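Structure at a glance
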Amino acid sequence: MDVATADRFFALMTLLTLGGVAGSVALRSFAGRLPPAARLDRSIWTLVGPIALWLAWLVALVSLLGSLYYSEIVGYPPCSLCWYQRIAMYPLVVILAVAAWDDDREVRRYAVPLAGVGGAFALYQYVLGYFPDTEILGCTLDVSCTERYVWEFGFVDFPFMSLVAFLDVGDLLLLQLTSPEGTHE
């Protein structure tokens, strides 16, 4: 797969994932305000809930493999902020795999904060791409934190992909807190 195809593939996957996160949040936010016949939250939970941990693991795994593809195969060097995001994402692959295997719903207690920290770094880097003069966390490596190696659809770059991945992991883990049947412990 050439780099342009990979860029487009990962950008499209990011947008599909973002749509899933937005739909999930909207359904949970407005579920109580809809008449019972129009409520989809139970059917969404029935479909996604039992495999939410595996889906979160899959998102983390694809993120890990994508970042390694771009840095080790394509040769794009990661900046300091990219490394901080990797530090948050890479352990999630192992943590979520073990939790999914054991059906450990309590994983959200430590995986959601990890996704939150990684998401905060991704959001900061994404904003920094638009406003480079607002940098408060210095990039200490020889690589600029504002360079865009990928730029699809006029707004999808690496920090945006990372942010959506962290949001999706967090959303899938929090899905159990707001499911129609309550927590599934």
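Each value, and the rule that gives it
- Residues numbered from 1 in each chain as written.
- Predicted model: local features only at pLDDT ≥ 70, side-chain atom pairs only at ≥ 80, totals over all residues.
- Heavy atoms only, no water.
- Helix = DSSP H or I, 4+ residues; strand = E, 2+ residues; numbered from the N terminus.
- Buried < 20%, exposed > 50% of the residue type's maximum accessible area, 1.4 Å probe, protein only.
- Salt bridge = Lys/Arg side-chain N within 4 Å of Asp/Glu carboxyl O.
- Phe/Tyr/Trp six-rings, centres within 6.5 Å; stacked < 30°, edge-to-face > 60°.
- Lys NZ or Arg CZ within 6 Å of the ring centre and 35° of its normal.
- 1 Å grid on protein atoms, 1.4 Å probe; cavity = no way out; pocket = protein on both sides within 12 Å on 5 of 7 lines; lining within 4 Å.
- Points joined across faces, edges and corners; volume = space filled by probe spheres on them.
- Nonpolar A, V, L, I, M, F, W, Y, C, P; charged D, E, K, R; others polar.
- Core = buried A, V, L, I, M, F, W, Y, C linked by side-chain atoms within 4.5 Å.

Okay, the environment of Met 161 next. Note on placement: Met 161 falls in helix α6 (residues 158-174). C-alpha of Met 161 to C-alpha of Phe 10: the two residues are 151 residues apart in sequence and 7.8 Å apart in space.

Further remarks concern unusual backbone geometry. Positive phi is not limited to glycine here, since Asp 103 has a value of about 55°. Secondary-structure assignment places Asp 103 in the loop between α4 (80-102) and α5 (108-130). A relative accessible area of 45% places Asp 103 in the partly exposed class. Positioned with a positive phi, Phe 153 is a non-glycine residue whose angle comes to about 60°.

On inspection of all chains with the given rule, the structure shows four salt bridges. The salt bridge involving Glu 152 is made with Arg 8; its shortest N-O contact spans 2.6 Å. Of the two residues, Glu 152 sits in the loop between α5 and α6 while Arg 8 sits in helix α1 (residues 3-30), which places them 144 residues apart along the sequence. For Glu 152, a relative accessible area of 10% corresponds to the buried category. Under the relative-accessibility criterion, Arg 8 is labelled partly exposed at 41%.

Time to look at the packing of aromatic side chains. Across all of its chains, the model carries 13 aromatic pairs by this definition. On the basis of an interplanar angle of 20° and a centroid distance of 4.5 Å, the ring pair of Tyr 76 and Tyr 149 is categorised as stacked. Here Tyr 149 lies in the loop between α5 and α6 and Tyr 76 lies in the loop between α3 (52-74) and α4, a separation of 73 residues in the sequence. On the basis of relative accessibility, which here comes to 24%, the residue Tyr 149 falls in the partly exposed class. Taken together, the ring pairs in this structure connect Phe 9, Phe 10, Tyr 69, Tyr 70, Tyr 76, Tyr 149 and Phe 158 into an aromatic cluster. One residue, Arg 148, lies across the ring of Tyr 130, its end atom 4.7 Å from the ring centre.

Now for empty space enclosed by the protein. Under the counting rule described, the total for this entry stands at two cavities of 30 Å³ or more. Space inside the second largest cavity adds up to approximately 50 Å³. What lines the second largest cavity is simply Gln 125, Gly 129, Cys 145, Thr 146, Glu 147, Arg 148, Tyr 149, Val 150, Asp 157, Phe 158 and Pro 159. At the level of secondary structure, the elements contributing two or more residues to the lining of the second largest cavity comprise α5 and α6. Grouping the constituent residues of the lining of the second largest cavity by class yields five nonpolar, three polar and three charged.

Moving on, we get to the nonpolar core. Formed by 24 residues in total, the largest nonpolar core has its most connected members in Leu 92, Leu 96, Val 107, Val 169 and Leu 173. Elements supplying a minimum of two residues to this core: α2 (41-48), α3, α4, α5 and α6. With seven residues, the top contributor of residues to this core is α4. Among the nonpolar cores identified, the runner-up in size contains twelve residues, and Ala 11, Tyr 126, Val 156 and Val 164 belong to it.

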